[in-house]
Amino acid sequence: MLPPAIRRMRQHFFPALVLSLLIALTLGCGSGSAHTEPAQTAFPAATVPLTKLSSDPYTNSTSQHATEVEPDTFAFGSTIVTAFQVGRIHGGGASDIGFATSTDAGTTWNSGFLPGITTFQDGGTFTAASDASVAYDAAHGMWLIASLGLNPPGPAKVLVTRSPDAINWGNPITVTTTGDADKNWIVCDNTSTSQFYGHCYIEWDDVNSGDLVKMNTSADGGLTWGSALSTADGAHGIGGQPLVQPTGKVIVPITGGVFGSMLAFSSNDGGANWSSTVTVSSITDHTEAGGLRSGPLPSAEIDANGTVYVVWADCRFRTNCSLNDLVLSTSADGVTWTKPARIPIDPTTSTVDHFIPGVAVDPATSGSSAHLTLTYYYYLVSNCGTVCQMGVAFVSSQDGGQTWVAPVELAGPMSTSWLPNTFSGLMVADYISTSYVNGNAFAIFAVAKAPSGSTLDEAMYTTTSPLAAAVAAHFSSRNERPVPNAKSDHGSAKFYDLDHEHPIPPKKKSLRRSARR
C-alpha cells in the first residue's frame, strides 16, 4: 500500500510518470536520501488554499494599478508582519508601503498602509516609497518597518516606521542624512543575553557612490540612528541582509560590486565598526526570459546557534548557463563559507528556471536538525520567449539543507504580461520572504491575475494554513559538481541600481574606441 503522502501527491500534484518515480524512490529508500529528484513536466494544480492579504486602493496617475510587489516578513512570538510596495511606479518605488499583520500565528490578518511617507497617504512629502523590510526590537517592544522615501531627481532617504502592536504605525523617522539610498534592510538583536540586546541595524547602499555599502545603528528602538558607516575595505554592493548571532555578532551577506560575487562582512562591537568583506562565492547567473526583472540578490536567514544560510539564483550547474537553480551556502562565523550547493528542486537536465528566492529557517532549530523552507518563482521552460508563464512554489528541508522534499505549487501559472513594468523589467519582486511562526512556515508573495482592461490585478497573498511538505521522499545534490568554467550568460551590469536610474560610466578605454569610430 502506498504511503498517505504519496496517495495525496497522486491526486493533486504530479503526472503519472513523475508519480511512478516518486513511488519507486519512496519505497526503495525508506527514510533515506535519494540523489535523483523527479522532473517537473507541467505546472501542477495549485490546490493549496490562499488568503489575500491586501490590494492596491490608490488611483494616482503615476502608478500602475492595481499592483503590489516585493514583500518582506518577520515573525516574533505569535505575530508575523509583512510589508510591501503598493501601486508600483515605472520609474521607481510605489504609491505607498502596505502592511499585513497576524497576531495569532497566521490564522487571521489585519492590513493597512503606512502613514506620512508619500503624498498619497496621510500627508507624506515623498512622491514614492520602496524597499520595505521588517524587524522587531524585543528590548523596546517595537515593530519596525524600514523603507525608502523617494523624491526624484533628489536623493532617496532611508526611513523607519514604528509600532508597538504592528497595527497602528506612526509617521516615519528619517535615518539617512547623506547619500542616495537603495536596497535597505533592517534587523534587531533580540537575544537577551547579548551585550548589544536592543541594537537595531540598517544596511543600505549609496548609488551616488557606486553602491558604497553603509550601516546605521540604533539603540533606542529606532527613534534615533547613528552616523552611516562603511566597511573597513570600503566595499561596494547591493541587497545586503544583516543577521544577528546569539553572541551579538552581526553578519551581513551582500551581493558584491555589480552582481559579480556574494560577499559578507560583520561587526563584533554593536555596529561601532564593520569588518572588511570576505568572499562567499562568485556568482554565475542566467538572465530570465520574458523581460522579467530579477537578479542574484541574497536571501539570508539564521538558526538558533547562529549558523547563517544564504540562498541565491545561480546557473553554475547548468550547461551553457541555460537556466538558474537556487544554491545554498552556510557559515558559522561569517568568515568561512561552504561551497554553494544546488537545492535539488529539479534534475540538472530539466528546463525549469528558478529565481527570486525567499528562505526561512525555524529559529528554534539548528545545525543538522534545522528546519528550512524556501519559496521561489519559476518558469517551467527557461527559454520561453518574450511572454512567459510563471509559477510560485516551495520546498523544505528538515536537516539543515542536506536534503529537500519535492516542490509544492502555491500559485500559477501567471503570465508575465500581467505584471507592472519598470525601467529594468516586469516585476513581481526583487525579493520575497518566508518566516516561521511557532514552528510553522508562512510565505508572502505576489500573485498576478489577468488584467481588466488597463487595470492590472497583482496583490499580496499567503497560504491559509502553514506551508506543509507533501511528500516523504528526500532529494540531495551532495555529489553534484558545477559545470567546468561556468560563466554567466550576460555581460557586465550597466546600472548600479535595479531601477536603472544610476548608469555605470563606461570605461575610458571604451570611450576612446568609440571616438575612433
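Everything quoted here is computed from the prediction, not taken from an experiment.

Let's talk about the overall build of the chain
Along the chain, the regular secondary structure elements total 3 helices and 32 strands. Residue burial in the chain is summarised as follows: out of 517 residues, 59% are buried. A fraction of 59% describes how many contacts in the chain between residues 6 or more apart in sequence connect residues 24 or more apart. About 18900 Å² of surface is accessible on the chain, with carbon and sulfur atoms providing 53% of the total.

With respect to unusual backbone geometry
Here the bond from P152 into P153 is cis, since omega is 5 degrees, no more than 30 degrees from zero. Within the element layout of this structure, P153 appears in the loop between β8 (142–150) and β9 (157–163). For the peptide bond that leads from G412 to P413, omega is 0 degrees, which places it in the cis range. Residue position: P413 is located in strand β26 (residues 408–415). Of note, the phi angle at A105 is positive, near 60 degrees, even though the residue is not glycine.

A look at the nonpolar core
Ranked by size, the top nonpolar core spans 42 residues in total, and within it Y377, M390 and F445 carry the most contacts. Of all the elements in the fold, those that place two or more residues in this core are β4 (79–88), β23 (353–361), β24 (372–379), β25 (389–397), β26, β29 (433–437), β30 (440–452) and β31 (455–463). Element by element, the count of residues in this core is highest for β30, at 8 residues. Apart from the residues within four sequence positions on either side, M390 is in contact with F43, L292, F355, Y377, Y378, Y379, G412, P413, M414, L419 and V428.

Focus: the state of the cysteines
Applying the stated criterion to the full structure yields 3 disulfides. Disulfide pairing is shown between C384 and C388; the S-S distance is 1.9 Å. Judged by the torsion about the S-S bond (90 degrees), the C384/C388 disulfide is right-handed. Of the residues examined, C388 reaches a relative accessible area of 0% and is grouped as buried. Cysteine pairing in the chain follows 1-2, 3-4, 5-6, where each cysteine in a disulfide is numbered by its order in the sequence.

Examining the environment of V437
Within the secondary structure, V437 sits in strand β29. For the pair V437 and T79, spaced 358 residues apart in the sequence, the C-alpha separation amounts to 7.2 Å.

Side note on the pairing of β8
Most of β8 is tucked away, with 9 of its 9 residues classed as buried. Side chains M142, L144, A146, L148 and L150 of β8 all project onto a buried face; the interleaved residues W143, I145, S147 and G149 project onto the opposite face, where all are buried too. The pairing of strand β7 (residues 128–137) with β8 spans 8 bridges and is antiparallel. Looking at the pairing, D137 lines up with M142 of β8.

Regarding the pattern of salt bridges
With the rule as written, the count across this model stands at 7 salt bridges. Across the pair R318 and D325 runs a salt bridge whose closest N-O atoms are separated by 2.7 Å. Across the pair R342 and D325 runs a salt bridge, and its minimum N-O distance is 3.1 Å. With R342 in strand β22 (residues 341–342) and D325 in strand β21 (residues 325–331), this pair connects stretches of sequence that are 17 residues apart. Three or more residues joined by partner-sharing salt bridges are found here, namely D131, K183, R293 and D430.

Details of the side chain of T463
On the secondary structure map, T463 appears in strand β31. The class of T463 is buried, set by a relative accessible area of 1%. A polar side-chain atom of T463 sits 2.6 Å from the main-chain carbonyl oxygen of S465.

A few points about the pairing of strand β17 (residues 261–267)
Burial analysis of β17 places 7 of its 7 residues in the buried class, which makes it a mostly covered element. As judged from the 7 bridges shared by strand β16 (residues 250–256) and β17, these two strands associate in the antiparallel manner. Note that in β17 the partner of V252 across the bridge is F265. Sheet analysis places β17 next to strand β18 (residues 278–282), joined by 4 bridges and oriented antiparallel. Bridged to S261 within β18 is S282.

Let's talk about the sheet that holds β24
Strand order across the open sheet formed by 4 strands is β23-β24-β25-β26, with antiparallel pairing between neighbours. Looking along the sheet, the strands with just one partner apiece sit at the ends: β23 and β26. Across the sheet, the axes of successive neighbouring strands diverge by a mean angle of 15 degrees, strand direction being ignored. Taken together, the 5 bridges between β25 and β26 define a ladder with antiparallel strand orientation. When the bridges of β26 are listed, V392 appears paired with A411.

Digging into the side chain of S130
Its location among the elements puts S130 in strand β7. Here the side chain of S130 touches Q85 through a polar contact of 3.4 Å, side chain to side chain. In this view, S130 contacts Q85, R88, G93, I97, S147, L148 and L150; residues no more than four positions away in its chain are not counted.

Examining the sheet that holds β22
Spatially, the 4 strands line up as an open sheet ordered β19-β20-β21-β22, and their pairing is antiparallel. Only two strands of the sheet have a single neighbouring strand rather than two, namely β19 (299–302) and β22. Across 4 bridges, β19 lies against strand β20 (residues 308–314) in antiparallel orientation. Directly across from I302, in β20, lies its bridge partner V308.

A word on the environment of V252
Note on placement: V252 falls in strand β16. In the structure, V252 is positioned 25 residues away from T277 in sequence and 9.3 Å away in space, judged by C-alpha atoms. Those residues in contact with V252 that sit more than four places away from it in its chain are E203, M215, G240, Q241, P242, L263, A264, F265 and W274.

Conventions used here
Starting from 1, residues in each chain are numbered consecutively following that chain's sequence as written. Where local features are concerned, this predicted model is filtered to residues with pLDDT of at least 70; where side-chain atom pairs are given and counted, the filter is 80 or more; whole-chain, interface and lining totals use all residues. Each side-chain value is worked out from all heavy atoms of the structure, with water and hydrogens disregarded. Put simply, DSSP marks the helices as runs of H or I at least four residues long and the strands as runs of E at least two long, and each gets a number from the N terminus on. The cut-offs for exposure are 20% and 50% of the maximum accessible area for each residue type, with area from a 1.4 Å probe on protein chains only; residues under the lower value are buried, those over the upper are exposed, and the others partly exposed. Every residue pair with non-hydrogen atoms within 4.5 Å of one another is taken to be in contact. Every accessible area reported is derived by Shrake-Rupley at a probe size of 1.4 Å, with residue values counting cover from the shown protein chains alone. For the purposes of this section, nonpolar cores are sets of buried Ala, Val, Leu, Ile, Met, Phe, Trp, Tyr and Cys residues that join through side-chain atoms within 4.5 Å. The definition used for a disulfide is geometric: two cysteine sulfur atoms within 2.5 Å. Strand pairing requires that DSSP identify at least two bridges connecting the strands. By salt bridge we mean one thing: a side-chain nitrogen of Lys or Arg within 4 Å of a carboxyl oxygen of Asp or Glu. For this analysis, a polar contact is any N or O atom pair within 3.5 Å, provided that within protein one partner can donate a hydrogen and the other can accept it, and provided that sequence-adjacent residues contribute only side-chain to side-chain pairs. A fitted line through C-alpha atoms represents every axis, and for helices the fit uses only the stretch in contact; the resulting angles, taken between N-to-C directions, go from 0 to 180 degrees.

So, to be careful, I would describe these as geometric facts and stop short of saying anything about function.
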